[in-house]
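# Structural description and commentary
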Amino acid sequence: MSEDSDLERTEPATPKRIEKSREEGQVARSQELTTFALLMVAAAGILFLGADLMDKLLNIMKVGMQLEREMAFQPDLMLTRFYELAFEGLIAIAPLLLLLIIVAFFAPMLLSGWMISAKALLPKFDRINPIKGFGRIFSMRSLVELVKAIAKTIVIGGVAALIIWHNKEEVMALLTVPVDSGIQRTGEYLVMSFLLTVAAMALIAVIDVPFQLWEHAKQLRMTKEEIRKEHKEDEGDPFVKARIRGLQREAARRRMMAEIPNADVIVTNPTHYAVALKYKSETMRAPTVVAKGVHLLAARIREVAEENRIPILEAPPLARALYYHAELESEIPEKLYTAVAEVLAYIFQLKRYNEYGGDAPKPPTDVPVPDGLDQPKYAV
């Protein structure tokens, strides 16, 4: 059962899967939303530009109906007049066409935003597979699209039928009114019918948009195995990562051990902790930790220090405080300046004694460390 559940697409798509689908041009799209946007803008354009557009088209029609004697015997003049009137008609409807083109370009972005994908233009030969083609024809999505088409026909046809039935007397009365008045009232009826049709399309779009989002999310669902594989690809194989971390720690340890001969002093616990400090007043603002360790590593630090004749000072509280709160290859915390300064003062006196002789300095026996700073959970 667990293997079957791992193979079922029950998990929501990860951000990486969603981004990959966008790169391939697979995003949620609602044709009904685009159609509604076009119809709504067309209705608004007709509402605000309709009177001027109608006047221009009527004028073109009047001019086109006039036939001069010369044109009856010269077809070239008739073609020239036809081209002129066609161009004037195109200029008349150009603002509305331009508006519709802009909306047709931007309307699909309402659902999934802006997207440019070259992969979507690549040919997919599996689309010509007849078996898969029959599968798409009789799929659930095709059934939904069929239901949507029937619903659109019923809704839009029903709205048109209601409008005609409600205004049947007014429509029949158009036969008795003058031509100019009849054209004007016919235009009003058409605009009203168009607006009600747009309202019906709004209802269809409101239903279709959530369905398209749900359908797209369903198509992008992943199996648990796919999520685990993706996570492994992103994070890397845990065994490989562990090996890399081990190699990094080993390399860092070798670098650390190589720095011990350059240290000025090794502060110890004396057996459990060891911290190597280095301070050059000409180049450093504060002493720096060049090596630190516990147990076996601390013993190895002491061995390297003895081999290179680096002074070793037993100061248990200071050693613990440095180990817990000083980062490797970083300056010591300000709260330990006083304690470390006392240790370095002794080390410099010891170096002077080894070079010039005199009275041997006494190692500090009670290095001052702030209360609680030698504990691992203390917040500096």
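What this report covers is the structure whose coordinates are included nearby. Quantities reported herein were computed from a predicted structural model and do not represent experimental measurements.

Criteria and thresholds
- Residues numbered from 1 in each chain as written.
- Predicted model: local features only at pLDDT ≥ 70, side-chain atom pairs only at ≥ 80, totals over all residues.
- Heavy atoms only, no water.
- Helix = DSSP H or I, 4+ residues; strand = E, 2+ residues; numbered from the N terminus.
- Buried < 20%, exposed > 50% of the residue type's maximum accessible area, 1.4 Å probe, protein only.
- Areas by Shrake-Rupley, 256 points an atom, 1.4 Å probe, with all protein chains shown as cover.
- 1 Å grid on protein atoms, 1.4 Å probe; cavity = no way out; pocket = protein on both sides within 12 Å on 5 of 7 lines; lining within 4 Å.
- Points joined across faces, edges and corners; volume = space filled by probe spheres on them.
- Nonpolar A, V, L, I, M, F, W, Y, C, P; charged D, E, K, R; others polar.
- Salt bridge = Lys/Arg side-chain N within 4 Å of Asp/Glu carboxyl O.
- Phe/Tyr/Trp six-rings, centres within 6.5 Å; stacked < 30°, edge-to-face > 60°.
- Lys NZ or Arg CZ within 6 Å of the ring centre and 35° of its normal.

A separate point is the overall build of the protein chain. Looking only at helices and strands, the protein chain features 15 helices and 4 strands. A burial count over the protein chain gives 28% of its 380 residues as buried. Split by element, the accessible area of the protein chain, about 25900 Å² in all, is 63% carbon and sulfur.

This part covers the layout of surface pockets. Roughly 510 Å³ of volume is contained in the second largest pocket. Lining the second largest pocket are 18 residues, with G50, A51, M54, G187 and E188 sitting closest to its centre. For the lining of the second largest pocket, the elements supplying multiple residues, two or more each, are α3 (31–65) and α10 (179–219). It is α3 that contributes the most residues to the lining of the second largest pocket, 9 residues altogether. Looking at the lining of the second largest pocket residue by residue, the class counts come to 11 nonpolar, 4 polar and 3 charged.

This next bit is on the pattern of salt bridges. Within this structure, the stated rule accounts for 4 salt bridges. With a closest N to O distance of 2.6 Å, R285 and E331 form a salt bridge. Of the two residues, R285 is situated in the loop between β2 (273–278) and β3 (288–294) and E331 in the loop between α14 (316–325) and α15 (337–356); the sequence distance between them amounts to 46 residues. By relative accessible area, which is 60% here, R285 ends up exposed. On the accessibility criterion, E331 (31% relative accessible area) is partly exposed. Residues R300 and E303 are paired through a salt bridge, measuring 3.1 Å at the closest nitrogen-oxygen approach. On the criterion of helical spacing, the pair formed by R300 and E303 is a turn pair, its members being 3 residues apart in helix α13 (residues 296–307). Taking the relative accessible area as the measure of exposure, R300 reaches 39% and is therefore partly exposed. Using a relative accessible area of 39% as the deciding quantity, one classes E303 as partly exposed.

Turning our attention to the packing of aromatic side chains. Evaluation of the coordinates by the stated rule reveals 5 aromatic pairs. The interplanar angle of 70° and the centroid separation of 5.7 Å between the aromatic rings of Y323 and Y324 together place this pair among those described as edge-to-face. Through successive ring pairs, a cluster of aromatic residues spans Y273, Y323 and Y324. Seen from the ring of Y323, K292 lies directly overhead, with NZ or CZ sitting 5.3 Å from the centre.

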